[in-house]
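What follows is the residue order along each chain.
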Amino acid sequence: MQLVAPLCPGIDIHAGLGWEVARRAGPVGLPGILGYRGFRIDAPSARARLEAPDGCVYLVLGFAEPLTLLCGPGRAPISHTSLLCGPQQQAGLGTHHGRIHGIEIAFTPWAASALFRIPMHQLTDAVVEPEQLSLPWLLQLHGRLAGVGNWCRRFTLLDHALASRAADPPPGAAEIRHVWDQLTRGKGRTTVQELAEAADWSARRLQQRFREHIGLSPKVAVRITRLQHALQLLQTPASLSQVADTCGYFDQSHLNRDFKLFTSGSPRDFAAGRSAHASGPPLARASGTQASSTRAVAA
């Protein structure tokens, strides 16, 4: 893997044989937009990524061949060139035939709800095409991005388009952002009761606001945040028992059960998938998350 000189400040570009990935943090002043990831991959064979739940919402605007997503057991595969992926409660497997080109934007769920003017529970465990949202500005933005030739200009276009849409947040956006910030700072060790008390809400009110703006129940959001902390620690020399203790699991068996529930595998399986991909494109989707691993694809 090679680090390429950036086209403009703030952009990290990594490249290797048959691939290029450009990443940048979201625009200053819009904290709910976590970052941009531009990608161009031209591989000789199919690729797959296992995406564990991370509490984020992802908008993918593609310029080439479609992605195929398998979002949980018993669900039919979905193929889209562009997609909006809501907050997921189970791991999904994304595959492509080797050639893919586009941009992925990561959002907190409350920011996505405000930006797209949609109750987030309508996107829970869902993947939809942008056309289904009936947002002309988004379709126009996609066309403009496809016609631009470098990542710097594309990311600048995104800055302007998203800033103009976020200028008029809906009522209650500041309150739910405060609760979400407390949840993420606590890394999954904050209790549901503490979240309700911080907002001066009843447990029922907290549940309602999370359904509307987050798309997950408070309890599930806490568990996914704790899982993300565990995934980060798996990249360190810490043992599984130390990871479990640091993250607030009762014991290592509790950690293993949550991994099985959210990723359909074990912590070691997930870490092994990341290690096997060390020489390929960076796996991280949003800053601070460790949601991606790899899986073998049948020829």
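Residues numbered from 1 in each chain as written. Predicted model: local features only at pLDDT ≥ 70, side-chain atom pairs only at ≥ 80, totals over all residues. Heavy atoms only, no water.

Participant: Help me understand the pairing of strand β2 (residues 12-16), please; the structure alone is not making it clear to me.
Facilitator: A regular strand places its side chains on the two faces of the sheet in alternate fashion. Bridging between β2 and strand β3 (residues 19-25) involves 5 bridges; their strand directions are antiparallel. If you follow Ala15 over to β3, its bridge partner there is Glu20. Where β2 folds back onto β3 in an antiparallel hairpin, the turn is made up of 2 residues, including Gly18, whose phi is positive at roughly 85°. (Pairing = 2+ DSSP bridges. Helix = DSSP H or I, 4+ residues; strand = E, 2+ residues; numbered from the N terminus.)

Participant: What exactly am I supposed to notice about helix α5 (residues 192-199) here?
Facilitator: An α-helical turn contains 3.6 residues, so a residue and the one three or four places further along point in the same direction. Among all positions of α5, only Leu195, Ala196 and Ala199 are buried. For α5, the arc enclosing every buried residue in end-on projection is 95°, short of the 170-degree limit, so these residues lie on one face. Of the exposed residues in α5, those oriented more than 90 degrees away from the buried face are Gln193 and Glu197. In this structure, the buried residues of α5 make contact with α4 (173-185), α6 (203-213) and α7 (218-233). (Buried < 20%, exposed > 50% of the residue type's maximum accessible area, 1.4 Å probe, protein only. Arc of directions from axis to C-beta. Contact = heavy atoms within 4.5 Å.)

Participant: In this structure, what is going on with the pairing of strand β11 (residues 99-107)? I would like to understand it.
Facilitator: Most of β11 sits out of view: 8 of its 9 residues are buried. For strand β4 (residues 33-42) and β11, the ladder comprises 9 bridges, and the chain directions are antiparallel. Its bridge partner lying in β11, Tyr36 is registered against Ile105. As defined by bridge partners, strand β6 (residues 57-62) adjoins β11 across 6 bridges and the pair is classed as antiparallel. Paired with Val60 across the two strands is Glu104, which belongs to β11.

Participant: How should I be thinking about the side chain of Arg226 in this particular structure?
Facilitator: Looking at the secondary structure, you find Arg226 in helix α7. Setting aside residues no more than four positions away along its own chain, Arg226 makes contact with Lys187, Gly188, Cys247, Gly248, Tyr249, His254 and Asp258.

Participant: It is not clear to me how the environment of Gln232 should be interpreted in this structure. Could you clarify?
Facilitator: When you line up the elements, Gln232 lands in helix α7. When the C-alpha atoms of Gln232 and Val243 are compared, they prove to be 9.4 Å apart, with 11 residues separating the residues in sequence.

Participant: I'm lost on the packing of helix α2 (residues 136-146) against helix α3 (residues 151-165) in this one. Help?
Facilitator: Put simply, α2 and α3 touch, their axes get as near as 10 Å, and they point 165° apart. The angle between α2 and α3 falls in the class roughly antiparallel. In this structure, the crossing between α2 and α3 has a hand that is right-handed. Residues Trp137, Leu141, Arg144, Leu145 and Ala146 of α2 lie in contact with α3, whose contacting residues are Arg154, Leu157, Leu158, Ala161, Leu162 and Arg165. (Axes fitted to C-alpha atoms, helices over the stretch in contact; angles between N-to-C directions. Parallel < 35°, antiparallel > 145°, perpendicular 65-115°, else oblique. Left-handed = near helix turned anticlockwise from the far one by under 90°.)

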